[in-house]
Amino acid sequence: MSAVSVTDLVVALRHDVMEVTAHGDTARQVSGVELLDPETGEASGPSQLLLGVGLDLGSTEQTARAVHIAARSSGVLAVKASGPVPRQLLNRAADASVPVVSIGLRVPWSLVQRLVSTLLATHRDGQAREAVLGGDLFTLANATAAAIGGAVAIMDTGRAIIAYSNLPDQPIDETRRRGILGRTVPEEALPDHLAEEIWRSDTVARHQRPGDLPRAAVVIRAGDEVLGSLWAVFPETIAISGCEAPMQQSAKMAALHMLALRRQLDADQDSRNLAFRTALDRPESTDVEVPLPSTLLGLDLPKPAARHTTNNLRLLDLFAQDGRALGHQPALVLSNDRIYALLPIAAGDAIPVETLVAHLHERAARALHLEITTVSSGEVSTLSELRDKRRDVDSALDHLRATGVANGRYTTDELRAELVHKRLLDTVRRDPSLRTGLGERILEHDRRHSTEFGATLLAYLRHLGDVATASAHVLIHQNTLRQRLRRAQDLFDLDFGNPAQRLQLELELSCCAGSVTERSLEAVTAPRTVPR
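The structure presented is a predicted model; accordingly, all values stated were derived computationally and were not measured. (Residues numbered from 1 in each chain as written. Predicted model: local features only at pLDDT ≥ 70, side-chain atom pairs only at ≥ 80, totals over all residues. Heavy atoms only, no water.)

Colleague: Got a minute to help me understand the overall build of the protein in this structure?
Modeller: Within the protein, the regular secondary structure consists of 19 helices and 17 strands. For the protein, the proportion of its 532 residues judged to be buried stands at 50%. Put simply, the protein shows about 25100 Å² of open surface, and 50% of that area lies on carbon and sulfur atoms. (Helix = DSSP H or I, 4+ residues; strand = E, 2+ residues; numbered from the N terminus. Buried < 20%, exposed > 50% of the residue type's maximum accessible area, 1.4 Å probe, protein only. Areas by Shrake-Rupley, 256 points an atom, 1.4 Å probe, with all protein chains shown as cover.)

Written as C-alpha cells, this is what we have:
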C-alpha cells in the first residue's frame, strides 16, 4: 500500500467527508488507517490516519494523549465535532505540528476506514485518484471492455449484476444474456461465481463452462472487505493473457465506485438512525417517522476488552449491511454501550425477522468472533409502544446480564414472568403505601441480632416452599431451615398458608434486599435464570 499526503487525501475524499481543521504539516504522508487507541499510548505503525472514535474533544486529558500519540508516530488525527473543533485541541496540535482533519458528522467511521484503505490501495504515481470517484460503473465497464477486448460485468457479493458493458459487437453467450436480462447471476453459473480461487485471491482467475465463451474474473476488494467481482467474457479467438493488469486496476477503481454508492446507502441509514434515536430518547416526540410495524431488538455483548467500543461499531456496521442485503432497512442506535435495532416486519421479500436475528448471531460469531446476547420484542406498531417495548427489552437484558446466563437469542415473551416480577418490585419499592413494613422489621431484627431470617424466608418463598432446594440455596441443613421457619412464624406472626401474605412478604423482602449485606441474601435475591 502506498502513501498519500494529507492535502491529497482531503481532495480525493472531498470536503463533505473530510476537511483540514488544524494544518500542522499537511504535506505529511498517510500510509494507513487505524483506530486511535489511547490505552496503549501507541499507534501500530508510522504515518497512520488515527480515527478518534469516541474521543471526548472537551477532555484536556484525552485530547492531549491523542495529539501525543499522533506526534510520536508522525500520524494524522481524525476527529468528529458537532460544532467547531475546540481551540485548545487545535492549539495543542499546531504546537506539535500534528495535522487534524474533521470528519463529517453523517459519515460513519467505518466508511472513512474503507475509503482511505481503498484510496491507498489504488493510489499510484504520487497522484490522488479523485477522478476515479467521477463517472459511474457502466462507464468503467465500457472502458475496461474496450481495453481488454471482452465484455465486462460487475457483480456485488449478493450475485446482483450492478453494471455491464454495452459496446457494439462485443462477445455474448447465453449465460451473459440471461444474467443481464435478470440482473443477477443465473443459477447454473452460480458455482463458478462462488469459486474460491476468485474470492480468496487478488489475481485474475480463468473459467469456462461447457457451452459458454471463456471468462476471466477478479475480486473487487476494499482493504480486507470483499465488495464484489468483475467478470469479462472473451471471444474464442482472443488471447486472455494480456488482460490481467487492466482487470486488476479496473477492480480497484470499481471498489471506489461501489464505496461511493454505499455512501448514499449510509446517508439513508444515518437518516433512519437519527429518527430512531429521537424516538427512543425523546418520549414526548409524536412526529418522528420510523418504520412501523417493526420488531425492537436490544443487544449486549461481553466487555472483556478495551476494544468494546470498537466491537459495538463493527456490530453496527454488520447489522446495517447484512440487514439491507437480506431485504430489511434497519434503524440502529448505540446508546449506553447497548445496541438497539428496529427491524421492519413488513419488508416485502425480506426474510422473517427471526431468521435475520439468527443470521446476525451467526455472522457476529463467525466474522467478528463475538458472542452476543439479544432480546427481541413483540410487534411494535406505534411510537408509544416503541417506548414500552424498549423498557421491556432493557429490563430483560439487565436480567440476563445480572444472572450471567449464556449468550444467545431471547424474546420478551420468553422472559415475561421475570419482567412482570421486576415491574411488581419496582412498583412496591416506589410506593410505600403498598408495603406493610413486615420486610423491614424482619431485616432490622437480622441486623440487631445477627440472625438470617430474611435470607431464609426469601429462599423458602422463592422456591415455592421446597425445603430441600431452599436449604441448599442458603447452605444450611433442612432441619435448620425448618427450625428458622417455625421461629420466624412465632416472632413475626406469619401465616404461610395465606398465599396473599406469602406474595407480599416475598416482594417486601426483595425490595429491601439492597440494604442487606449478607451474601446469602444477595444470592437468593438475584434474578432468576431463564430455562433454555
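Colleague: Is there a simple way to explain the packing of helix H15 (residues 453-462) against helix H17 (residues 478-492) in this structure?
Modeller: Each packed pair of helices is defined by two parameters, the angle between the axes and the distance between the axes. At a minimum axis distance of 10 Å, the contact between H15 and H17 shows a crossing angle of 110°. Comparing their axes, H17 and H15 come out roughly perpendicular. Here Phe453, Thr456, Leu457 and Tyr460 of H15 come into contact with H17, specifically with Leu481, Arg484, Leu485, Arg487, Ala488, Leu491 and Phe492. (Axes fitted to C-alpha atoms, helices over the stretch in contact; angles between N-to-C directions. Parallel < 35°, antiparallel > 145°, perpendicular 65-115°, else oblique. Contact = heavy atoms within 4.5 Å.)

Colleague: I keep staring at the side chain of Asp394 and nothing clicks. Help me out?
Modeller: Note that Asp394 resides in helix H12 (residues 383-403). Apart from the residues within four sequence positions on either side, Asp394 is in contact with Arg338 and Tyr340.

Colleague: What is the right way to look at the pattern of salt bridges in this model?
Modeller: Any two side chains of opposite charge can pair, so long as their charged atoms come close to each other. Counted under the stated rule, the structure contains 26 salt bridges. Of the charged contacts, one joins Arg416 and Asp392 as a salt bridge, the two residues approaching to 3.4 Å between their closest N and O atoms. With Arg416 in helix H13 (residues 416-430) and Asp392 in helix H12, this residue pair connects regions lying 24 residues apart in the sequence. Classification of Asp392 by relative accessible area gives buried; the value is 8%. Put simply, Arg416 and Asp413 hold a salt bridge, and the shortest N to O gap is 3.9 Å. Its relative accessible area of 56% is what places Asp413 among the exposed residues. (Salt bridge = Lys/Arg side-chain N within 4 Å of Asp/Glu carboxyl O.)

Colleague: Just checking my understanding: could you explain the pairing of strand S13 (residues 294-300) for this structure?
Modeller: The side chains of a regular strand alternate, residue by residue, between the two faces of the sheet. By the criterion of burial, S13 is predominantly enclosed, with seven of the seven residues buried. Residues Ser294, Leu296, Gly298 and Asp300 line one face of S13 and the alternating positions Thr295, Leu297 and Leu299 line the opposite face, and both faces are buried. As paired strands, S13 and strand S15 (residues 338-344) are joined by six bridges and run antiparallel to one another. Bridged to Leu296 within S15 is Leu342. In terms of strand pairing, S13 meets strand S16 (residues 373-380) through six bridges, oriented antiparallel. (Pairing = 2+ DSSP bridges.)

Colleague: Would you mind showing me how to read the sheet that holds strand S2 (residues 18-22) here?
Modeller: Adjacent strands of a sheet form backbone hydrogen bonds with each other and so pair up, either parallel or antiparallel. Pairing in this open sheet of five strands is mixed, and the strands run S2-S7-S6-S5-S4 from one edge to the other. Each end of this open sheet is capped by a strand with a single partner; those strands are S2 and strand S4 (32-35). Strand after strand, the sheet turns through a mean of 30° between neighbouring axes, direction not considered. With three bridges joining them, strand S6 (residues 76-79) and strand S7 (residues 100-103) adopt parallel strand pairing. Counterpart to Val79 in the pairing with S7 is Ser102. Each of S2, S6 and S7 is contacted by helix H3 (residues 87-95), which is oriented at about 80° to S2, the strand it contacts most.

Colleague: Whenever I open this one, the environment of Phe234 confuses me. Can you help?
Modeller: For Phe234, the location among the structural elements is in the loop between strand S12 (225-233) and helix H9 (244-281). Sequence separation between Phe234 and Pro171 is 63 residues, and the spatial gap between their C-alpha atoms is 6.3 Å. With residues up to four places along the chain from it excluded, the contact list for Phe234 reads Ile148, Gly149, Gly150, Pro171, Leu213, Pro214, Ala216, Ile240 and Cys243.

Colleague: Where do I start with the nonpolar core in this structure?
Modeller: When a protein is soluble and globular, its nonpolar side chains tend to lie buried together. Counting 48 residues, the largest nonpolar core has Met18, Leu49, Val116, Ile154, Ile220 and Met247 as the members making the most contacts within it. Setting aside residues no more than four positions away along its own chain, Ile154 makes contact with Leu137, Ala141, Ala160, Ile161, Ile162, Ala163, Ile220, Ser229, Leu230 and Met258. Counting 23 residues, the second largest nonpolar core, distinct from the first, contains Leu296, Val333, Tyr340 and Tyr410. (Core = buried A, V, L, I, M, F, W, Y, C linked by side-chain atoms within 4.5 Å.)

Colleague: Hey, could you run me through the packing of helix H14 (residues 438-449) against H15 in this one?
Modeller: Remark: H14 packs on H15, axes separated minimally by 8 Å, with the N-to-C direction vectors making an angle of 135°. Relative to H15, the element H14 is oriented oblique. In this structure, H14 uses Ile442, Leu443, His445 and Asp446 to contact H15, whose residues at the interface are Phe453, Gly454 and Leu457. Tallied by class, the residues present in the contact of H14 with H15 amount to four nonpolar, two polar and one charged. (Nonpolar A, V, L, I, M, F, W, Y, C, P; charged D, E, K, R; others polar.)

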